[in-house]
Amino acid sequence: MAAVKVHGPPLSTAVSRVLACLIEKDVPFQLIPVNMAKGQHKSPDYLKIQPFGQVPAFEDEHITLFESRAICRYVAEKYVEQGNKGLFGNNPLTKASIDQWLEAEAQNFNPPSSTLVFQLAFAPMMKLKQDPAIIKQNEEKLSKVLDVYEKRLGESKFLAGDEFTLADLSHLPNCQYLLSWTDRGELITSRKNVERWWGEISSHDSWKKVVEMQNAALPGEA
Ligand SMILES: N[C@@H](CCC(=O)N[C@@H](CS)C(=O)NCC(=O)O)C(=O)O
């Protein structure tokens, strides 16, 4: 099987979502560096494969794709018979439930969590000013979202039912950064069911490998 190509750094949450999915599905991949500090993601050549100038971009044989969640759906469908076979469900109802929680991640969870990660972790690293009003507003928004998750995860082991799926996997990158790079990890650990869920989903070997790749890519590492 020829390796698929993922363009972008593993420290990007959207790139790490795709890497977690590829590893979970045992799909060989080649990670192609994109030097974002030098604006390579806005270069004419890169825009041919990601017209919005963002990472990741993805190549499989003659096709290119962008949008991390769409790439994950594609990988899970195309390689359904290998790795974690139930990652994107095996019947229309399970798929719809996974899609529902994937949308909740993209529309409800991601906006406040990625804003908090940016404000609390990336802004200080990039010597940018933090905005306390934005931090407070997004902390409140994320709290409300996680209250819904707390209730849901009291009813089922994982978001879309009793199996680990793409819906859970998609939350890993921002949860990881909230817990390890900000002082707001309590948003997760103060909710009993959410904390249990995080423990389960983050202990998958696929995610541990992604975290190793991220740690190796940190400035100052070899
Ligand atoms: N919805 C897109 C988001 C991609 C995205 O925002 N990527 C960020 C890095 S995590 C990026 O490329 N930022 C640089 C930019 O927007 O110029 C996806 O999931 O692929």
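Residues numbered from 1 in each chain as written. Predicted model: local features only at pLDDT ≥ 70, side-chain atom pairs only at ≥ 80, totals over all residues. Heavy atoms only, no water.

The chain carries the name glutathione transferase in an unreviewed UniProt entry, which gives Coptis chinensis as its organism. Of the chain, the UniProt comment under Catalytic activity (unreviewed entry) reads exactly: "RX + glutathione = an S-substituted glutathione + a halide anion + H(+)". As stated in UniProt under Sequence similarities (unreviewed entry), the record for the chain gives "Belongs to the GST superfamily. Phi family." (UniProt positions renumbered as here; feature names shortened; annotations may be inferred.)

A. Molecular detail of unusual backbone geometry. With an omega dihedral of 5°, the bond running from V55 to P56 counts as a cis peptide bond. When you line up the elements, P56 lands in the loop between α2 (44–47) and β3 (57–60). Here E61, not a glycine, exhibits a phi torsion of approximately 50°, which is positive. Within the fold, E61 resides in the loop between β3 and β4 (63–66). Here the phi dihedral of E67 falls at roughly 80°; this positive angle occurs in a residue that is not glycine. (Helix = DSSP H or I, 4+ residues; strand = E, 2+ residues; numbered from the N terminus.)

B. Structural detail: the environment of G161. Checked against the element boundaries, G161 lands in the loop between α5 (132–155) and α6 (166–169). With a relative accessible area of 16%, G161 lands in the buried category. Residues G161 and I98 lie 63 residues apart in sequence; the distance between their C-alpha atoms is 8.6 Å. (Buried < 20%, exposed > 50% of the residue type's maximum accessible area, 1.4 Å probe, protein only.)

C. Local environment of the UniProt feature "domain: GST N-terminal" (unreviewed entry) in the chain. Within this structure's numbering, the places UniProt gives as "domain: GST N-terminal" (unreviewed entry) are residues 2–83. Summarising residues 2–83: 33% helix, 20% strand, and an end-to-end C-alpha distance of 16 Å.

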